[in-house]
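Coordinates in review
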Amino acid sequence: MNVNEHQEQQDQGGDDAQVSTGTALDAGGVPEAAIPELVIISGMSGAGRSTAAKCLEDLGWFVVDNLPPALIPTMVELGARSQGNVARIAVVVDVRGRRFFDNLRESLADLEAKHVTRRIVFLESSDDALVRRFESVRRPHPLQGDGRIVDGIDAERELLRELRGDADLVIDTSSLNVHELRAKMDAQFAGEEEPELRATVMSFGFKYGLPVDADLVADMRFLPNPHWVPELRPFTGLNEEVSAYIFNQPGAKEFLDRYAELLRLVAAGYRREGKRYVTIAIGCTGGKHRSVATSEKLAARLAAEGVETVVVHRDMGRE
């Protein structure tokens, strides 16, 4: 089951934000020590924003849906004056706000000027998956007007392009059901202590397409394919014999050493820039042998260096 009908209806026609635009605030700014943690949830209509928001709500976050971006700084100020009662705020921002969405860039700059730590979670999905979801609930895309669903999707992608580039965490929900999306959100936000950097190491097969939420992609097809070794073909890269075969090949261990060194450099830069999440995609032809074994080895190295790491084998078992 993909993101369900109830969630889709929430994504496309949820209630208006429950925040009054007439709230009077002092001009003195926000006390820095009291500033609440802020997460902005955005992304494609039908990609699962409401499910992500509900997950944070279940984790104790104060969630506001369809808030005009111009009111985000006001929401933060109200939280700061709540005497600790509202310590974590999640705001769902999307194209349902239409003309209000234009104020988002200005609001983000305002938050930065006030030293508000904010994270952007962007929900992505393929065109095919989005079309199927809209058709299943028989609702139009909010931007399609008199055109087709795909026209609305194209318009929304263009409108959200810059925001997607600024996102701290991109989640591709094309092949996720509601429970899998909630598990991904839980993995990122459920911990009591926030780690410096969280990494997802994902193996995949190039023949099934690149992961759209990957920050970095490595290609293991320069190594011999265990598929052509009859006694190894039935197994995956999780098998010790398969892994030993791969890492006894010329260049395999050297690649792992140098790529791990490169990731240390990149991780340091991500930390300096305040980026807390990174998805590292490791690919081979079918996502069964070389990419799986390499992902496991790389994840172990990252974990040993203090990076909280999750391993996902996207295409293992699809052959």
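Note that this is a predicted model, so its numbers are computed, not measured.

Next up on the list: the overall build of the chain. Looking only at helices and strands, the chain has 10 helices and nine strands in total. Among the 319 residues that make up the chain, the fraction classed as buried is 49%. Entry remark: accessible area of the chain is about 15700 Å², with carbon and sulfur atoms responsible for 48%.

Moving on, we get to the sheet that holds strand β6 (residues 198–205). In spatial order, the strands read β7-β8-β6-β9; together these four strands make up an open sheet with parallel pairing. Each end of this open sheet is capped by a strand with a single partner; those strands are β7 (216–219) and β9 (308–313). Going across the sheet, the axis of each strand differs from the next one's by a mean of 20°, ignoring polarity. Bridging between β6 and β9 involves six bridges; their strand directions are parallel. The partner of methionine 202 across the bridge, within β9, is valine 312. Contacts from helix α10 (residues 290–304) reach β6, β8 (277–284) and β9, with the element oriented near 170° to β6.

The next thing to look at is the pattern of salt bridges. Within the structure shown, the criterion is met by 23 salt bridges. Put simply, glutamate 162 and arginine 105 hold a salt bridge, and the shortest N to O gap is 3.2 Å. You can see glutamate 162 sitting in helix α6 (residues 149–166) and its partner arginine 105 sitting in helix α4 (residues 104–113), a full 57 residues away along the chain. You can call arginine 105 partly exposed: its relative accessible area is 38%. Aspartate 315 is the partner of arginine 314 in a salt bridge, and the nearest nitrogen-oxygen pair spans 2.9 Å. Its relative accessible area of 0% is what places aspartate 315 among the buried residues. Here the residues in one salt-bridge network are Lys54, Glu57, Asp58 and Arg182, joined through shared partners.

Another point: the nonpolar core. Counting 49 residues, the largest nonpolar core has Leu38, Ile41, Ile72, Met185 and Phe189 as its most contacted members. In contact with methionine 185, other than residues within four places in its own chain, are Ala52, Cys55, Leu56, Val121, Ile171 and Ala190. If you look at the next biggest cluster of nonpolar residues, it comprises 27 residues, including Leu223, Val229, Ile246 and Phe247.

We now examine the packing of aromatic side chains. Tallying each qualifying case throughout the model produces five aromatic pairs. Look at tryptophan 61 and phenylalanine 189: their rings are 5.9 Å apart centre to centre, the planes differ by 85°, and that puts the pair in the edge-to-face class. With tryptophan 61 in the loop between α2 (49–58) and β2 (62–64) and phenylalanine 189 in helix α7 (residues 178–189), the pair connects residues that are 128 residues apart, well separated along the chain. Each member of the pair, tryptophan 61 as well as phenylalanine 189, is classed as buried. Their ring planes at 15° and their centres at 5.3 Å tell us that phenylalanine 255 and tyrosine 259 sit as a pair that is stacked. Here phenylalanine 255 pairs with tyrosine 259, and both are found in helix α9 (residues 252–272), just four residues apart, close to one helical turn. Here tyrosine 259 falls in the buried class, since its relative accessible area comes to 9%. Taken together, Trp61, Phe189 and Tyr277 form an aromatic cluster joined through their ring pairs. Here the guanidinium or amino end of arginine 221 rests over the ring plane of phenylalanine 206, the centre of that ring lying 3.7 Å away. Here lysine 297 stacks its cationic end above the ring of phenylalanine 247, 5.5 Å away from the centre of that ring.

Okay, unusual backbone geometry next. What you tend to see is this: most non-glycine residues have negative phi, and most peptide bonds are trans. We note that asparagine 66 has phi near 55°; this positive angle belongs to a residue other than glycine. Summarising the element assignment, asparagine 66 is placed in the loop between β2 and α3 (72–80). On the accessibility criterion, asparagine 66 (12% relative accessible area) is buried. In this structure, arginine 138 is a non-glycine residue whose phi angle is positive, near 55°. Mapped onto the elements, arginine 138 comes out in the loop between α5 (127–137) and α6.

Criteria and thresholds
- Numbers given to residues run from 1 along each chain, matching the order in which its sequence is written.
- Since the coordinates come from a predicted model, pLDDT governs what is reported: local features require at least 70, and pairs of side-chain atoms require 80 or more to be given and counted, while whole-chain, interface and lining totals use all residues.
- Side-chain figures throughout are based on the complete set of non-hydrogen atoms in the structure, without hydrogens or water.
- Helix numbering and strand numbering both begin at the N terminus, where a helix is a DSSP run of H or I of at least 4 residues and a strand a DSSP run of E of at least 2.
- Residue exposure (1.4 Å probe, protein chains only): buried if accessible area is under 20% of the type maximum, exposed if over 50%, otherwise partly exposed.
- Working definition of accessibility: Shrake-Rupley area with a 1.4 Å probe, residue cover restricted to the visible protein chains.
- Strand pairing follows a simple DSSP-based rule, namely that at least 2 bridges must link the two strands.
- Axis lines are fitted through C-alpha atoms, for helices just across the contact stretch, and the angle between N-to-C directions can take any value from 0 to 180 degrees.
- Whether two residues are in contact is decided by their heavy atoms, any of which lying within 4.5 Å being enough.
- The salt bridge criterion pairs a side-chain nitrogen of Lys or Arg with a carboxyl oxygen of Asp or Glu, the two atoms within 4 Å.
- Grouping buried Ala, Val, Leu, Ile, Met, Phe, Trp, Tyr and Cys residues that are joined through side-chain atoms within 4.5 Å yields what is termed a nonpolar core.
- For Phe, Tyr and Trp, rings pair up if their centres lie within 6.5 Å, where Trp contributes its six-membered ring, and each pair is then called stacked (planes under 30 degrees apart), edge-to-face (over 60) or tilted (otherwise).
- Charge-over-ring contacts are defined here by two conditions on Lys NZ or Arg CZ: a distance within 6 Å of the ring centre and an angle within 35 degrees of the ring normal.

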